[in-house]
Each structure stands twice: as structure tokens, then as C-alpha cells.
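# Descriptive structure summary
Residue-level listing of the chains:
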Protein chains: 2
Amino acid sequence: MPIIYLNGSFMPREEAKLSIDDRGFIFGDGVYEVTRVVNGELFESGRHLTRLSRGLADIRLDPVESLADIEDISRRLIADNALGEGEGTIYLQITRGAAPRTHHFPPADTRCTVFLSAAKFTVPHDKRATGVSVVTYPDIRWSRCDIKTVNLIPAVLAKQFAVDHGVFESIFVRGSAVMEGSHTNCFGVLDGELRTYPSSNYILGGVTRDVVIELAKELGVPVAERAFHVADIPRLEEFFVTGTTTDVMPVVEIDGKPVGSGTPGPITRRLYEALAARLYARVPAGR
Amino acid sequence: MPIIYLNGSFMPREEAKLSIDDRGFIFGDGVYEVTRVVNGELFESGRHLTRLSRGLADIRLDPVESLADIEDISRRLIADNALGEGEGTIYLQITRGAAPRTHHFPPADTRCTVFLSAAKFTVPHDKRATGVSVVTYPDIRWSRCDIKTVNLIPAVLAKQFAVDHGVFESIFVRGSAVMEGSHTNCFGVLDGELRTYPSSNYILGGVTRDVVIELAKELGVPVAERAFHVADIPRLEEFFVTGTTTDVMPVVEIDGKPVGSGTPGPITRRLYEALAARLYARVPAGR
């Protein structure tokens, strides 16, 4: 049975129960992270913790657990859930705790809720080989998409829209700009240049997105944090989405129309291979 | 000890526990209502249930409980929590249930979570006598503010901003338009006309707001669902906020500057009295 961490204790997942007054439940008043685990090692843990720390500050939530505690808890969950080999994820969520319902913050002595769990994860190699399809979806979200909160109804509705259309992901479009996916960032290749919406309050600054930008620079691929638009879609040479469990995923169809040649492109493939080399630095990917 | 309703059972509040996998906690994937109870009677229950029903449809959540069940559960909570006399509220929340985390909807047989509680409530008569102060706050919310979801972080941050400034409420401003409060609607009197932002996807269509518009028409007060703007604030003759626990609350100061004469205005007072006459139709308000 999976072991999770909740508010200072490790316990079987089924025994983990929340107060009905948890502000996570009542207001979605919390932030989360999903970190990749490869052969027992946390991937880019520092970047996840930096983002978490910034998000907590943005919503003015000051947890008891330090960031170092969170790494220790994560490592124990990796051990207790037999994730020392193969692929997995650590899910982390911190909310403002349980207190009588008031919109404003609860009393200062309210203990925040800290939840971490670990799970095995199957890398979607088949999908990566063929590439996936996506659909566009109006970006109905708030203007602080850079904070990784659990206020996720727009992402839920967008992803369900993708499922309804039998495709992998929905891509948010704000006005005419191509922003990001429901739980991924996105990149296009236009005139040989790799482009993605700029880091700002309108997108979530993905850890994999940042790594891919770094890798592109290392590989000598021209890369720009500059928006592209719906009108540019027919001209895209390549398109892909990125994420902690998505890695670099080639997109071969947008709204039913092929991207470029309709097969995964060469820049996409090089970037995935470079990312895989980092992910599997200790152990060969094919193992 | 308070008795609450959770997923088919009535139980003491402390015994009510949620699964850590509840989509209310993980995604804020649910809607809620707060209904006023006066001397054991639900106030405007029909309007609350109509809005609930519309919100459930908007997020595509189909609960097992019928709207009639919800009224029956509410009445039993009123009895079990001794709310047959005086003032109270019923809180209702429905989420998409507990299931392994996926952004898209869970399997069709996932039972949604239905939670109702009842509480006594103290009417803020003192504040109403003097009027309250408010501050403006940038409207950072999504573009479906008409759905009463528990994705409430913007409301939490806005209300906390009000608390930090020692005032009653924050008023969202989108671009230059005055929208509504963090948990209230708002009305201004300009050139003798009562104005409020139009029903649309950008505001929550409050039950009290709708009743107040009706009452204004009955009283012969000119009323228009038409936006007014930050630049109009210095010219406001009166300003007030409305809500299920706020009723009609005069605002005498916005961002530190007096509204009109700096005391509760005559149209505000007449509308509160007309609302009170409805609220306390069965029993005199002064009782």
C-alpha cells in the first residue's frame, strides 16, 4: 500500500484524511509541485523548490516545513514506496490549513496542511514516437498563471476538452497568442527559430520549459521567449509540449491540421534526446 | 456539537473527514452556495438552487443528490443545529469526488462529494449604522466569475488586502470598471440612478444583488445594469455592497476618500429596509 506524508506523519494513503475545513478544499487556497523521480533521484529538485518558495510567498503562506524538510520527506517517500529504480513522481501540496471559513487568512497559529505522495510513472514512449494531436482552447484563466496554485478548474475543463476530442492536450489561446497547455508549456519552431511565450504572469514557468531553453542554447538552436499567434500556426515547422511527466512531446496535429510534415521534427527530437541525457545521466535511458 | 452532512450521512463536524484525493482539495474542482436562514426558513432558496444548478452544468458536474434532496438536507441541518430561531447560514459544497489525480474528469462512477453545514450568524447591525470603508483591488480573476466555484484564491487575497487595510471589503477593478467585492456585489448611485456592473461572465450574479434590483424597481428608484468606472468614484452619491450575509451594507469611504456626504445615503437605507422587510416577513426584524 502506498505510504504518504501528511502534516508530520507518514501513513498508508487510505488512512490519510483531511478536515472538512481545510482551506485547500474550501478555497483551493494552496500551491503544489510535481517532481520527477528517476531511479530514486529527484530531477531538478532545486528548481521545483525555488518555484514552490516563490509561490508560497506570492500567496503569503509560510509553512512550518522548510524546503530542506521537503527534500528529506521526498527521499523517505521514494524509499518507502520502492521508487529506487525506474520512473516515478513526487506530488506535494501545501494549503493554508483548516480553520473556520473566512475569506481572509485564518488566525496566525493555524497550522498549514502539508501533503506529499509518491507514485510510479510510465513514460509515454509510444506517444513520443508517433507524436500527438492537440486542440486550442480559450484561455479563461486568471492573470497570475505564474503561481502554481490548486485553483485548477480552467485546466480541468481544458484537459477534459482534449479528452472529449480524443487528443493529448489543450493549448490555451489568450486573445490571439498561443500561451501554454493545460498542464504543459509549449514551443513552436518558426523560420528555424524555437519560440515560446515569455516568462510572465500569464504562464506557469515550467521546470522542463526552463531546462529545454537551456538545452536549446547548448545545442545552438536559436531560441526566443517571444509569443507566436494563432495566425502563425499554419506556418509552424515544429511544435511540442513540455512538462515534468511529458518531457518533450512532439505535436504533429493542431486542431485537426498537420504541423509541418505531420511527423515529429528534428529540433524536437534533438531536444528530447538532450533532455533524456540529463534525466538518465546516471543510468542509460534504455535500461 | 455542530451536525453536518457529508456524502449521505449526518455526523458531528469533527468526525467529517475527506479523502486526500478529493478533487475539491487537489483542483478546487467544485461549486458552493451560502444560503441565509432566518428563523428556521431558507431565504431565496429557489434562486440559490437555480444558480447551483447552472454552475454544476457549467463545470459539467452531475451530482447524485437532487435539488429537492438539498432542501431536505438543509432543513434537517436547521433542526439538528437549533437554527429554528434567529439568524444562520447553510453552507453547501459539491466537488467532483475522490479519484486518482488526473486533470481530466475521473471515471464516470466516481461519486461526487456533497457537504452541507449550518451555522449561527450575527447580523452586523453596528457596521450598517455607521457604514463601512472599502479599498479597490485589481481584478486578477478568470473570465468565468459567474460560476460560484471554490477556486477562490483571488477572493482570499483581495479580502486579506482589505483586512490589512483595516476595512470591510475589497472592490475588484477590471481595467477601469468597478466590478464587485471579494464576496459581495456593489452598487453606486450616480446622478440619482442606481448602477451596478451588468450580469455577465465577469461577475457573480448574487442572489441579494438580484433581489436589490427588484426592490429598487418596486420602490421607483431608477436602476441600470451598467458599468461605472474608477473615474466616476469621486462623483458617487452613494455606494453599497450586497451579499447573503452582508444584506445591503452602506459604504462611506473608498480608498480613504468619503463617498458623497460620508454617511449612509437615503437610497441605500431604503433598499436595506425593503430587503429587511422581505428577510423578516414572518417575524419582525427587531425581535
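Presented here is a report on the structure given in the accompanying data block. (Residues numbered from 1 in each chain as written. Chains lettered and ligands numbered in written order. Predicted model: local features only at pLDDT ≥ 70, side-chain atom pairs only at ≥ 80, totals over all residues. Heavy atoms only, no water.)

## Some remarks on unusual backbone geometry
Residue and element names in this part refer to chain A. Residue Asn7 is not a glycine yet carries a positive backbone phi of 50°. Relative to the helices and strands, Asn7 resides in the loop between β1 (3-6) and β2 (9-12). The backbone phi angle of Asp247 is positive, close to 55°, even though this residue is not glycine. Tracing the backbone through its elements, the reader meets Asp247 in strand β15 (residues 247-254). (Helix = DSSP H or I, 4+ residues; strand = E, 2+ residues; numbered from the N terminus.)

## Section: the relation of the copies chain B and chain A
Note on the identical chains: chain B maps onto chain A by a rotation of 180° and an axial translation of 0.0 Å, with an RMSD of 0.0 Å. In the structure described here, the two chain copies are related by an operation that fits a two-fold rotation axis. Comparing interface residues between copies, 100% of those in chain B also lie at the interface in chain A; the contact surface is shared. (Least-squares fit on C-alpha atoms with pLDDT ≥ 70 in both. Contact = heavy atoms within 4.5 Å.)

## Overview of the interface of chain B and chain A
Contact residues are listed per partner, giving 52 residues for chain B and 52 residues for chain A. Carbon and sulfur atoms make up 67% of the area that chain B and chain A hide from each other, which totals about 4300 Å². For the interface between chain B and chain A, the tally reads four salt bridges. Among the ionic pairs, Asp21 of chain A bridges to Arg13 of chain B, the shortest N-O distance being 2.5 Å. Between chain B and chain A we count 19 residue pairs in polar contact (both at pLDDT 80 or more) in total. For the side of chain B that touches chain A, the elements supplying multiple residues, two or more each, are β3 (17-19), α1 (23-27), β4 (30-38), β6 (87-95), β7 (113-120) and α5 (153-164) of chain B. In terms of residue count, the dominant contributor to the side of chain B that touches chain A is α5 of chain B (nine residues). Looking at the side of chain B that touches chain A residue by residue, the class counts come to 23 nonpolar, 15 polar and 14 charged. Two elements, strand β3 (residues 17-19) of chain A and β3 of chain B, share three bridges in a ladder whose sense is antiparallel. Across the sheet, Leu18 of chain A pairs through a bridge with Leu18 of chain B, a residue of β3 of chain B. (Buried area = accessible area lost by both parts, 1.4 Å probe. Salt bridge = Lys/Arg side-chain N within 4 Å of Asp/Glu carboxyl O. Polar contact = N/O pair within 3.5 Å; in protein donor to acceptor, adjacent residues only side chain to side chain. Nonpolar A, V, L, I, M, F, W, Y, C, P; charged D, E, K, R; others polar. Pairing = 2+ DSSP bridges.)

## Considering the packing of aromatic side chains
One pass over the full model with this rule turns up 16 aromatic pairs over all chains. For the ring pair Phe187 of chain A and Phe240 of chain A, a centre distance of 5.0 Å and an interplane angle of 10° mean the geometry is stacked. With Phe187 of chain A in strand β11 (residues 185-190) and Phe240 of chain A in strand β14 (residues 238-243), the pair connects residues that are 53 residues apart, well separated along the chain. In terms of burial, Phe187 of chain A and Phe240 of chain A fall into one category: buried. Within the aromatic cluster, the residues linked to one another by ring pairs are Phe25 of chain A together with Tyr32, Tyr91 and Phe115 of chain B. Across the ring face of Phe10 of chain B, the terminal group of Arg76 of chain B is positioned such that the distance to the ring centre comes to 3.8 Å. The positively charged end of Lys159 of chain B is found above the aromatic ring belonging to Phe168 of chain B, 5.4 Å away from the centroid. (Phe/Tyr/Trp six-rings, centres within 6.5 Å; stacked < 30°, edge-to-face > 60°. Buried < 20%, exposed > 50% of the residue type's maximum accessible area, 1.4 Å probe, protein only. Lys NZ or Arg CZ within 6 Å of the ring centre and 35° of its normal.)

## Section: the sheet that holds β2 of chain A
All names here are of chain A. Pairing in this open sheet of six strands is antiparallel, and the strands run β2-β1-β7-β6-β4-β5 from one edge to the other. Only two strands of the sheet have a single partner each, and these edge strands are β2 and β5 (41-42). Relative to strand β7 (residues 113-120), strand β6 (residues 87-95) is paired through eight bridges, and the arrangement is antiparallel. What sits directly across from Gln93, in β7, is Phe115.

## A look at the packing of helix α2 (residues 45-58) of chain A against helix α6 (residues 207-219) of chain A
Residue and element names in this part refer to chain A. Viewed as axis vectors pointing N to C, α2 and α6 meet at an angle of 125°, and their least axial separation amounts to 10 Å. As far as their axial angle goes, α6 and α2 are oblique. Along this stretch, α2 crosses α6, giving a crossing that reads as right-handed. For the pair formed by α2 and α6, the contact residues are Arg47, His48 and Arg51 on the first element and Val207, Asp210, Val211 and Glu214 on the second. Taken together, the residues that form the contact of α2 with α6 break down as two nonpolar, one polar and four charged. (Axes fitted to C-alpha atoms, helices over the stretch in contact; angles between N-to-C directions. Parallel < 35°, antiparallel > 145°, perpendicular 65-115°, else oblique. Left-handed = near helix turned anticlockwise from the far one by under 90°.)

## Brief notes about the pairing of β14 of chain A
Residues and elements named next belong to chain A. Counting buried positions along β14 gives six out of six residues, so the element sits mostly inside the fold. Neither face of β14 is open: one carries Glu238, Phe240 and Thr242, the other Phe239, Val241 and Gly243, and all of them are buried. The sheet contact formed by β11 and β14 spans five bridges and is antiparallel. Bridging across to β14, Gly188 finds its partner in Phe239. Sheet analysis places β14 next to β15, joined by four bridges and oriented antiparallel. Bridge assignment links Thr242 to a residue of β15, and that residue is Val248.

## Some details on helix α3 (residues 67-80) of chain B
All names here are of chain B. For α3, built from 14 residues, the straight-helix expectation of 20 Å at 1.5 Å per residue is met to within 8% by its first-to-last C-alpha distance of 20 Å. All of the buried residues along α3 are Ile70, Ile73, Ser74, Leu77 and Ile78. Buried residues of α3, seen end-on, are gathered within an arc of 140° and therefore sit on one face of the element. (Expected span 1.5 Å × (residues − 1). Arc of directions from axis to C-beta.)

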